[in-house]
Amino acid sequence: MTDQNSYTSERLTLRHGGRDRIFTVVTPDIIGDRPDVLFYFHGSLQNGNVARNFTGRTFDDMASRTGTILVYPDGVERHFNDTRRGLRERTRDLDIDDVGFTHAIVDQLRDRRDIGDIHACGYSNGGQMVLRLLHDAPGLLAGAATFAATMPAADNLIDGLGEPVPTPYLAIHGTGDHIVNYDGGVAGLDPAHTRGVLVSAFESAEYFADVNGLDDADHTRRAEEALTVDTWSRDGHPPVELWSITGMGHVVPTPKDLPPSIGPGTDAIVAADVVAGFFGWE
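Here is a short report on the structure shown in this document.

Cut-offs applied
- Residues numbered from 1 in each chain as written.
- Predicted model: local features only at pLDDT ≥ 70, side-chain atom pairs only at ≥ 80, totals over all residues.
- Heavy atoms only, no water.
- Axes fitted to C-alpha atoms, helices over the stretch in contact; angles between N-to-C directions.
- Helix = DSSP H or I, 4+ residues; strand = E, 2+ residues; numbered from the N terminus.
- Parallel < 35°, antiparallel > 145°, perpendicular 65-115°, else oblique.
- Contact = heavy atoms within 4.5 Å.
- Nonpolar A, V, L, I, M, F, W, Y, C, P; charged D, E, K, R; others polar.
- Pairing = 2+ DSSP bridges.

**Describing the packing of helix α4 (residues 98–112) against helix α5 (residues 125–136)**
Stage number 1. For the pair α4 and α5, the least separation of the axes is 10 Å and the interaxial angle reads 80 degrees. When the axis of α4 is compared with that of α5, the two are roughly perpendicular. Here α4 contributes Asp98, Val99 and Thr102 to the contact with α5, which in turn contributes Met129, Arg132, Leu133 and Asp136.
Stage number 2. Tallied by class, residues from the contact of α4 with α5 come to 3 nonpolar, 1 polar and 3 charged.

**Focus on the sheet that holds strand β12 (residues 237–245)**
Remark on secondary structure: sheet strands pair via backbone hydrogen bonds, oriented parallel or antiparallel.
Stage number 1. With mixed pairing, the 10 strands of this open sheet are ordered in space as β1-β2-β4-β3-β5-β6-β7-β12-β11-β10. Bordering the open sheet on either side are β1 (7–16) and β10 (219–223), each of which pairs with just one other strand. Strand-to-strand twist in this sheet, taken as the mean axis angle between neighbours without regard to direction, amounts to 15 degrees.
Stage number 2. Two strands pair when backbone bridges link them, and β1 and strand β2 (residues 19–28) are joined in this way by 10 bridges, in the antiparallel orientation. Bridging across to β2, Thr8 finds its partner in Thr27.
Stage number 3. Seen against the sheet, helix α2 (residues 58–66) touches β1, β2, β3 (37–41), β4 (69–73), β5 (118–123) and β6 (143–147) and runs at an angle of roughly 150 degrees to β4.
Stage number 4. Helix α7 (residues 271–278) contacts β3, β6, β7 (169–174) and β12 of the sheet and is inclined by roughly 160 degrees relative to β7.

None of the figures reported here should be taken as evidence of function without further support.
What follows is the structure, given as structure tokens:
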């Protein structure tokens, strides 16, 4: 383990798909022989540096103390080309290959050092990018986590989406999210910026439980005052967890004060700590 803030960060450029793509790598000062890697995919209208500040550098600090290499890719024009047919952004018009970009970053990291398993987490549009990786890069991820993102309804999935393989999966979602509604429905900040219909947070978690060979018999629930944790678990099968935060809006749980337009935050949990625990880093 390392002290908080004991890391270096590099802003790097990689030529991919005929354009320069940018990503930030956070490397702890003290690191093991084969460190695991965590990708953090930012939300709409953000980039990697904005995401770092948006989460109060809690993921940087977690990476430092667990010896995990942390990667923040930048989306093209501040968006990733995700799973949703209803994504109406330039990244879709340009047919940006963010799955290939992710593979290229992994290859570059492996050229630089011997690394361990690849994990990914993401917020909103970035969470949808994680869902796309689970489908279109099956087996790449040793674990996945999403914040404020659920599976699109069947008629809102992009054409040609692949088939996922069993992978540990964590979802964190606020019951007060008015942009990606906890109970499902049309997602978007307002009627002019909709992303199509998404399923509920619970249905989305059930979807991945089914992928992992889990069913109702494997489901348990732990309820506390401010949160509910639904778990699907059985020996020999990757687990699925859904952390539902009472009243929380469209945010990543951190101690940082966030804009009121995306809804209230929470002091019930810190997402980076939950992610580290779920992936077995602490």
